[in-house]
Amino acid sequence: MRCSWAGHANTTAEALNRSLVWRSFPIVKVSSTKSNNYSVTPVENFKCANSGDTFDVPGGILECRWVNGLNLQWIKINTVKKTFTNAKSPVPIDTCRLQNSAMTVARGDRDSTQFAGFPLPKPWMDVMQVKGKNDVLIVPIDFPDFPGGPELKSQLEYDTKWMVDWYNYFSNGQSQFRVTTMNSWLRMPKNQSAYPTDSKSTDALAADSNKRQSLQAQNFIDEITKVFDLRQFSTVYVMYPEDNYDHSDLIVRNQPFKIKEGEVNLNFFSWGRNLTGMETLKWAYYIHETLHDFRITGHAPGNGWPLGIMTSQSGIGLAMNPWEQFLLDWLPAEQIYCDDVQTLKNARVSLSPVEREDKQTKMVIIRLSPTKAIVVESHGIDKWSNFKFGDREFPPGFYSIMAYVVDLNKTVAPPSRPDGSSIENDDWAWAVFQKVQGGSSNNFQRMVGDRKNLRDYVAVLGDSFVIEGVRIKFVATGDYETIEISRA
C-alpha cells in the first residue's frame with residue numbers, strides 16, 4: 001500500500017484529511033534470462049505466461065506480449081530498433097488539415113480561446129513564439145515558516161533539462177525554450193498565510209477569474225521584480241518547497257503586472273497542493289500550461305487519461321499528441337500518413353510509438369468530412385513514458401495501437417467545476433478514443449476518465465477497430481507496430 005492522492009482539494013485541511021489515503025497496488029513481478037522459471041526455452045512467436053517477461057536472444061530480447069484472443073506470445077524486440085519506410089500518403093497532407101472555418105456550431109466565450117483545427121491563431125502574447133525562442137523564468141519561493149531545503153539546485157537542473165529537451169524534440173527543433181532560474185530560494189518577507197492563492201478555487205469559471213488570480217500573483221511578482229528584469233520573459237513559473245499543501249495553483253494568462261521598471265504583461269503559473277498530491281513532475285506542469293498559451297485546446301482524447309502531457313501532466317506518458325504537433329506545424333509531413341475516406345486506398349502502414357524519439361511515422365489520419373477524421377497512433381514504454389514516479393508506469397509488456405475520432409464541432413473548453421477541478425468529458429470533446437472491436441485482448445487494467453477501463457481501448461496484435469466504415473487491423477508488432485487499413 002502507498003499513501004496516494006484521492007481527489008481535488010481546495011484547502012490544506014481537505015488535502016490532509018480527505019485527499020491523501022492509503023491505496024493498495026499489486027506488486028508486479030516479471031522474469032528475465034537471469035531470473036526465471038521457464039519450463040522450456042522461449043521461442044519467438046510461441047506462447048508465454050506473463051506479460052512483460054523477457055529472455056535474451058542474439059541482437060535483442062524476446063518479450064511476452066498480449067495478442068488477440070487474450071493470448072500471450074513471445075515477440076522479438078531488437079536492441080537497435082529496425083527502421084521502416086511507408087508508402088507515400090495517397091492524398092496531399094493538406095487534405096487532413098481540418099479547417100476551423102468548417103465548424104457549424106456556435107462556440108461559447110471559453111471555447112473560442114483555443115482550437116483543435118487549422119489554422120491556429122497566434123499566441124496571445126507577441127513575445128511567445130511557436131517557432132523561435134521563448135524566454136521563461138522559474139522562481140523557487142519559500143517562506144519564513146516554510147523554508148526550502150538543499151535539494152534546490154538538482155531540482156532546477158532536472159526541470160530545466162527535461163523542459164528544454166521536450167520542446168526540442170516535440171517541436172522538431174523549431175521551438176527553443178531558454179530557461180532562467182536562480183540558485184537559491186527567494187524568501188518572502190512574511191509567513192505563508194500572508195499570501196493567499198485561493199482565487200482560482202473560489203470561482204475559476206467567472207469572467208474576472210484571470211484578473212483576480214493576477215492580483216494574488218502580484219504579491220509574488222513584487223519580490224521577484226527586485227531580482228529580475230521581468231520585461232525579458234513571457235512566463236514566470238513559481239515553485240515552493242516540497243510537501244507544501246497550503247497553496248493553490250494560480251493560472252494567469254497575459255495579464256499586466258506592476259514591476260520596478262513600470263508594467264509588463266506576463267503569464268504566471270504557480271505550484272499548488274493538488275499538483276503536489278498528484279506527484280506531478282514540475283516541468284510537465286510548466287509545459288502543459290504553456291502549450292495552452294499556444295492556443296491548443298488539449299484535454300482530449302481522454303481528459304485525465306495518462307497517455308499524454310495535454311490530457312494529464314500527472315500521467316504516465318508525457319509525449320505530445322501527434323495531432324497537436326500537426327496543429328503547431330511541429331510534425332513533419334513525412335511522419336504523417338493521410339488519406340480520405342471517399343477515395344480510401346487499402347494500405348499497410350507502420351507506426352512508431354509517440355513516446356519514442358525518432359523520425360518515423362507517428363500518425364495515420366483518415367479524413368471523414370470537413371470537420372471529422374480518424375486518427376491512429378501507437379503508445380508504448382519508451383523515453384517519454386518511462387519516468388516511474390509515484391505510481392505512474394505502464395503495465396509490464398505494454399504496447400498498443402489506439403484510435404480516436406477528431407470532430408471540430410465538439411471543440412469545447414474542458415468542463416470544470418467552479419473550483420477549477422476537471423470534469424471528465426471522454427465522449428464530448430474534440431477527440432474521442434474508440435473501443436477495440438469485439439472486446440479487449442489484454443489485461444492492461446487501469447480505470448481512466450469517466451469509469452472506463454483502458455484495456456477496452458488498447459488494441460494488441462490481431463485486434464481491429466471499425467470506425468465509420470473503416471477497418472484498422474493490427475497486423476504486426478516488434479520494434480514498431482503495423483496496421484492494415486481497408487473498408488469495413
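That block above? That's the structure.
Predicted model only: the values in this text are computed from it and were never measured. Every residue gets a number counted from 1 within its own chain, in the order that chain's sequence is written. Selection of residues for local features in this predicted model requires a pLDDT of at least 70, selection of side-chain atom pairs for listing and counting requires 80 or more, and totals for whole chains, interfaces and linings are taken over all residues. To obtain the side-chain values, all non-hydrogen atoms of the structure were used and water was disregarded.

Asks: Just to check I follow, could you spell out the state of the cysteines for this structure?
Replies: Between two cysteines, a covalent bond joining their sulfur atoms is known as a disulfide. Counting rule for disulfides: a pair of cysteine sulfur atoms within 2.5 Å. One pass over the structure, following the stated rule, counts two disulfides. Bridging C48 to C64, the disulfide has an S-S length of 2.0 Å. Given an S-S torsion of about 90°, the disulfide between C48 and C64 has right-handed geometry. One end of the pair, C48, is in the loop between β2 (20-23) and β3 (54-57); the other, C64, is in strand β4 (residues 60-67), with 16 residues separating them in the sequence. Here C48 matches C64 in class, with each residue buried. Covalent S-S linkage joins C96 and C338, the inter-sulfur distance amounting to 2.0 Å. Handedness here is read from the sign of the S-S torsion; for C96 and C338, about 95°, the answer is right-handed. One end of the pair, C96, is in the loop between β5 (71-78) and β6 (132-142); the other, C338, is in strand β12 (residues 336-340), with 242 residues separating them in the sequence. For C338, a relative accessible area of 0% corresponds to the buried category. Sequence-ordered numbering of the bonded cysteines in the protein chain yields a pairing of 1-2, 3-4. Helix and strand assignments come from DSSP, with helices taken as H or I runs of at least 4 residues and strands as E runs of at least 2, each series counted from the N terminus. Any residue under 20% of the maximum accessible area for its type is buried, any over 50% is exposed, and the rest in between are partly exposed; the area is computed with a 1.4 Å probe on protein chains only.

Asks: Would you take a moment to explain the sheet that holds strand β13 (residues 347-351) for this structure?
Replies: Each strand in a sheet pairs with its neighbour through backbone hydrogen bonds, running either in the same direction (parallel) or in the opposite one (antiparallel). Spatially, the four strands line up as an open sheet ordered β13-β22-β21-β20, and their pairing is antiparallel. Strands with a single pairing partner mark the edges of an open sheet, and in this sheet they are β13 and β20 (464-467). Neighbour to neighbour, the strand axes of the sheet diverge by 25° on average, direction disregarded. The criterion for strand pairing is that DSSP finds at least two bridges linking the strands in question. The pairing of strand β21 (residues 470-476) with strand β22 (residues 481-487) spans six bridges and is antiparallel. Directly across from F474, in β22, lies its bridge partner I483. Helix axes are fitted to C-alpha atoms over the stretch in contact, other axes to C-alpha atoms as well, and angles between N-to-C directions run from 0 to 180 degrees.

Asks: Would you take a moment to explain the packing of helix α2 (residues 152-170) against helix α6 (residues 282-293) for this structure?
Replies: Each pair of packed helices can be described by the angle between their axes along with the distance between the axes. The interhelical angle for the contact between α2 and α6, taken along N-to-C directions, is 40°, at an axis separation of 8 Å. In this view, α2 runs oblique relative to α6, as classed from their interaxial angle. By crossing handedness, the relation of α2 to α6 is classed as right-handed. Contacts between α2 and α6 involve Q155, Y158, D159, W162, M163, W166 and Y167 from the former and K282, W283, Y286, I287, T290 and L291 from the latter. Partitioning the contact of α2 with α6 into residue classes produces nine nonpolar, two polar and two charged. Oblique is the label for any angle not under 35 degrees, not over 145, and not in the 65 to 115 range, which are roughly parallel, roughly antiparallel and roughly perpendicular in turn. Left-handed is the label given to a crossing in which the near helix is rotated counterclockwise from the far helix by less than a right angle, and right-handed is the label when the rotation is clockwise. Whether two residues are in contact is decided by their heavy atoms, any of which lying within 4.5 Å being enough. In this count, Pro and Cys sit with the nonpolar residues alongside Ala, Val, Leu, Ile, Met, Phe, Trp and Tyr, while Asp, Glu, Lys and Arg are called charged and the others, Gly among them, polar.

Asks: Where do I start with the sheet that holds β12 in this structure?
Replies: One open sheet holds the five strands; their spatial order is β12-β14-β15-β16-β17, and the pairing between them is mixed. At either margin of the open sheet sits one strand with a lone partner, and together these are β12 and β17 (431-433). Across the sheet, the mean angle from the axis of one strand to that of its neighbour is 25°, orientation sign disregarded.

Asks: Mind showing me how you'd approach the pattern of salt bridges here?
Replies: Side-chain pairs of opposite charge can arise where the charged atoms are in close proximity. A side-chain nitrogen of Lys or Arg and a carboxyl oxygen of Asp or Glu constitute a salt bridge if their distance falls within 4 Å. Applying the stated criterion across every chain yields a total of 26 salt bridges. Among the salt bridges present, the one from E63 reaches R65, with a minimum N-O distance of 2.7 Å. Here E242 makes a salt bridge to K282, at a shortest N to O gap of 2.8 Å. Here E242, found in the loop between β9 (235-239) and β10 (251-259), pairs with K282, found in helix α6; they are 40 residues apart in sequence, far enough to count as distant. On the accessibility criterion, E242 (41% relative accessible area) is partly exposed. The network of salt bridges with common partners includes E63, R65 and E481.

Asks: Quick question: what am I supposed to make of α2 here?
Replies: Note: α-helices contain 3.6 residues per turn, so residues at a spacing of three or four share the same orientation. The span you would expect from a helix comes to 1.5 Å times its residue count less one. The end-to-end C-alpha distance of α2 is 27 Å, a good match for the 27 Å that 19 residues give at a rise of 1.5 Å each. Of all the positions in α2, only L152, Q155, L156, D159, W162, M163, W166, Y167, Y169 and F170 are classed as buried. Each element contacted by the buried residues of α2 is listed here: β6, β7 (175-180), β9, α6 and α7 (322-327). Positive phi shows up at N172, right after α2, with a value of about 60°.

Asks: What is the right way to look at the packing of aromatic side chains in this model?
Replies: Each aromatic ring pair is specified by the distance between its two centres and by the angle formed by the two planes. Only centres within 6.5 Å qualify two rings of Phe, Tyr or Trp (six-membered ring in Trp) as a pair; their planes then separate them into stacked at under 30 degrees, edge-to-face at over 60, and tilted for everything else. The tally for this structure, following the rule as stated, stands at 37 aromatic pairs. Aromatic ring contacts, followed pair by pair, group Y158, W162, W166, Y167, Y169, F170, F177, W283, W384 and F387 into a single cluster. Any Lys NZ or Arg CZ found within 6 Å of a ring centre and within 35 degrees of that ring's normal is scored as a charge over the ring. The positively charged end of R65 is found above the aromatic ring belonging to Y399, 4.4 Å away from the centroid. Over the ring of W271 we find K282; its NZ or CZ atom is 4.7 Å from the centre of that ring.

Asks: Whenever I open this one, the side chain of T361 confuses me. Can you help?
Replies: Position of T361 among the secondary structure elements: in the loop between β13 and β14 (363-369). At 2.9 Å, the side chain of T361 forms a polar contact with the side chain of N86. Each residue touching T361, except ones within four places of it in the same chain, is listed here: F84, N86, E334, Q335, I336, Y337, S350, L351 and S352. Each polar contact in these results corresponds to two N or O atoms within 3.5 Å; when the atoms are within protein, one needs to be able to donate a hydrogen and the other to accept it, and residues that are neighboring in sequence are counted only if both atoms are side-chain atoms.

Asks: It is not clear to me how unusual backbone geometry should be interpreted in this structure. Could you clarify?
Replies: Where the residue is not glycine, phi is negative for most of them; where a peptide bond is considered, it is trans in most cases. Residue P119 is bonded to the preceding F118 through a cis peptide linkage, with omega at -10°. Turning to its location among the elements, P119 is positioned in the loop between β5 and β6. The peptide bond linking A300 to P301 adopts the cis configuration, its omega dihedral lying at -5°. On the secondary structure map, P301 appears in the loop between α6 and α7. A positive phi angle, near 60°, is found at L70, a position not held by glycine. As for its position among the elements, L70 is in the loop between β4 and β5.

Asks: Please explain α6 as it appears in this structure.
Replies: Here α6 is 12 residues long and its end C-alpha atoms lie 17 Å apart, about the 16 Å a rise of 1.5 Å per residue gives. When you tally the buried positions in α6, you get 12 out of 12 residues, the bulk of the element. Buried within α6 we find K282, W283, A284, Y285, Y286, I287, H288, E289, T290, L291, H292 and D293. Positioned one or two residues after α6, R295 has a phi angle of 80°, which is positive.

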